[in-house]
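# Topology and contacts: notes
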Amino acid sequence: MAKIIAGIGSSHVPAIGAALDNNKTEEPYWKRVFSGFERSQEWLRELKPDVAIVVYNDHASAFSVDLIPTFALGCAAEFPPADEGWGPRPVPVVQGHPELAAHIAQSVILDEFDLTIVNKMEVDHGLTVPLNLLCGKLSPDQEWPFKVIPLAVNVVMYPPPTGHRCFMLGKALKKAVESYPEDLRVVIFGTGGMSHQISGPRAGLINSKFDKAFLDNLTKDPKKLTRISHLEFMREAGAEGIEMVMWLIMRGALGDKVDEVYRFYTVPASNTAVGHIILEGKGKAARKGKAPAKMKRAAASAKVHRIRS
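What this report covers is the structure whose coordinates are included nearby. (Residues numbered from 1 in each chain as written. Predicted model: local features only at pLDDT ≥ 70, side-chain atom pairs only at ≥ 80, totals over all residues. Heavy atoms only, no water.)

Attention shifts here to the overall build of the chain. Secondary structure summary: the chain contains eleven helices and ten strands in total. Its C-alpha atoms give the chain principal-axis dimensions of about 50 × 45 × 45 Å. Within the span of the chain, comprising 309 residues, buried residues form 57% of the whole. Summarising the internal contacts of the chain: among those between residues at least 6 apart in sequence, 81% fall at separations of at least 24. Carbon and sulfur atoms form 54% of the exposed surface of the chain, whose accessible area is close to 13,100 Å². Computed over 38 positive and 34 negative side-chain charges, the separation of the two mean positions in the chain equals 10 Å. (Helix = DSSP H or I, 4+ residues; strand = E, 2+ residues; numbered from the N terminus. Buried < 20%, exposed > 50% of the residue type's maximum accessible area, 1.4 Å probe, protein only. Contact = heavy atoms within 4.5 Å. Areas by Shrake-Rupley, 256 points an atom, 1.4 Å probe, with all protein chains shown as cover. Lys, Arg positive; Asp, Glu negative; His and termini not counted. Charge placed at Lys NZ, Arg CZ, Asp CG, Glu CD.)

Let us look at the layout of surface pockets. To locate leftover empty space, one rolls a probe as large as a water molecule over the atoms. The calculated volume of the largest pocket comes to roughly 530 Å³. For the largest pocket, the lining is made up of 25 residues, of which Val-155, Ala-239, Glu-240, Ile-242 and Glu-243 are closest to its centre. Split by residue class, the lining of the largest pocket holds 13 nonpolar, ten polar and two charged. (1 Å grid on protein atoms, 1.4 Å probe; cavity = no way out; pocket = protein on both sides within 12 Å on 5 of 7 lines; lining within 4 Å. Points joined across faces, edges and corners; volume = space filled by probe spheres on them. Nonpolar A, V, L, I, M, F, W, Y, C, P; charged D, E, K, R; others polar.)

A surface patch of nonpolar side chains, about 360 Å² in accessible area, is lined by Val-65, Ile-68, Val-156 and Met-157. With respect to the helices and strands, Val-156 occurs in the loop between strand S7 (147-153) and helix H6 (163-178). (Patch = residues over 30% accessible without salt bridge, like charges linked within 9 Å, V, L, I, M, F, W, Y side chains within 5 Å. Salt bridge = Lys/Arg side-chain N within 4 Å of Asp/Glu carboxyl O.)

This next bit is on the nonpolar core. Core analysis: the largest hydrophobic core is formed by 55 residues, its most contacted members being Ile-104, Val-108, Leu-151, Leu-169, Ile-188, Phe-214 and Ile-249. Among the elements that make up this core, the one with the highest residue count is H6 (seven residues). In this structure Ile-188 touches Ile-4, Ala-6, Gly-7, Ile-8, Ile-53, Val-55, Leu-173, Ile-249, Met-250, Ala-253 and Leu-254, once residues within four positions along its chain are discounted. (Core = buried A, V, L, I, M, F, W, Y, C linked by side-chain atoms within 4.5 Å.)

What follows concerns the pattern of salt bridges. Taken as a whole and assessed by the stated rule, the structure comprises nine salt bridges. Residues Lys-3 and Glu-178 are paired through a salt bridge, measuring 3.6 Å at the closest nitrogen-oxygen approach. Taken as a pair, Lys-3 in strand S1 (residues 3-10) and Glu-178 in helix H6 lie far apart in primary sequence, 175 residues in all. Given a relative accessible area of 30%, Lys-3 falls into the partly exposed group. Taking the relative accessible area as the measure of exposure, Glu-178 reaches 22% and is therefore partly exposed. Note that Asp-111 and Lys-175 form a salt bridge whose closest N and O atoms lie 3.4 Å from each other.

The sheet built from eight strands is open, its strands ordered S6-S3-S7-S2-S8-S1-S10-S9 with mixed pairing. Here the strands that pair on one side only, and so sit at the sheet edges, are strand S6 (116-118) and strand S9 (258-269). In this sheet, adjacent strand axes meet at a mean angle of 20 degrees when their direction is disregarded. Across the sheet, helix H3 (residues 38-47) is in contact with S1, strand S8 (185-191), S9 and strand S10 (272-281); its angle to S1 comes to roughly 165 degrees. Along the sheet, helix H10 (residues 245-252) contacts S1, strand S2 (51-56), strand S3 (71-74), S7, S8, S9 and S10; its crossing angle with S8, the most-contacted strand, is approximately 160 degrees. (Pairing = 2+ DSSP bridges. Axes fitted to C-alpha atoms, helices over the stretch in contact; angles between N-to-C directions.)

When you tally the buried positions in S7, you get six out of seven residues, the bulk of the element. Relative to S7, S2 runs parallel, the two being bridged by six bridges. Counted as the bridge partner of Val-54 is Pro-150 from S7. The sheet contact formed by S3 and S7 spans three bridges and is antiparallel. Its bridge partner lying in S7, Leu-73 is registered against Leu-151.

The next thing to look at is the side chain of Asn-154. Checked against the element boundaries, Asn-154 lands in the loop between S7 and H6. Here the side chain of Asn-154 touches Val-156 through a polar contact of 3.1 Å, landing on its backbone nitrogen. A distance of 2.9 Å separates a polar atom in the side chain of Asn-154 from the backbone oxygen of Met-157. Once residues lying within four places of it in the same chain are set aside, the contact partners of Asn-154 are Ile-68, Pro-69, Thr-70, Pro-159, Pro-160 and Pro-161. (Polar contact = N/O pair within 3.5 Å; in protein donor to acceptor, adjacent residues only side chain to side chain.)

Once that is clear, we can look at the packing of aromatic side chains. Under the counting rule described, the total for this entry stands at six aromatic pairs. An angle of 80 degrees between the planes, with centres 5.1 Å apart, marks the rings of Tyr-29 and Trp-30 as edge-to-face. Members of the aromatic cluster, joined through ring pairs, are Phe-210, Phe-214, Phe-233 and Trp-247. Positioned above the aromatic ring of Tyr-29 is the side chain of Arg-32, whose terminal nitrogen or guanidinium carbon lies 4.7 Å from the ring centre. (Phe/Tyr/Trp six-rings, centres within 6.5 Å; stacked < 30°, edge-to-face > 60°. Lys NZ or Arg CZ within 6 Å of the ring centre and 35° of its normal.)

Put into structure tokens, the structure is as follows:
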């Protein structure tokens, strides 16, 4: 059967994509951001997943105020990069896994989660930037190293889903994936955030204390995070901090106990706190093979091994 073998949390700051596309990754400002994902790229190459479910939010590329699905599952065979106002990003077309996606849709909808099924969709930086951070820079004529199932979540227009609803959707996704008969190794991304506000009197707000507590509790007490209200996210993490509910879909899909393999946090990137975490099922029972030695050392000292600005 298919199995979710790991979860990845990552910010999806659009300026990170621009820095990558414009060959600025070695500039001092950006090098500290990209260096925090080097070990993660090594880890992912060793893991060799077949499919990634990428939970992200659309930024008025596939959807608009005319149509706002709370949860939208991409079931197409491919998803081209969107034109976000300056042309599509120079990245590969995302290849989907329509068979697994259709199975997930059926299982989750019958589990009483009302997903919108999307059979044609372009994907923006919310999805492609985390893929770049974990897979490196790829040209349009290359391929991402695994199939991708996009899961778009509305965190732009009120009302967004609650953290609890997102966490429970993650549990439904786990059930759906594990009932798929093909032997597939699946990773799930939760993207967005961390604390930031892009407009208004508090523009530029970053709350590192809140962010780091959120990362701590993703590992040790995710149910505590499900009780954070919309108002608290906005007050503590800025108007766009609500994006962190998408990390709870990833966490809900992993089961009760996890091992924290790696963590990275730095500020700022553009006007955003950049957070990143890798979680595996407790005891790594889901994995085949061994983790890279560097990742083992990072995991052994995850409480202190965090790259800071």
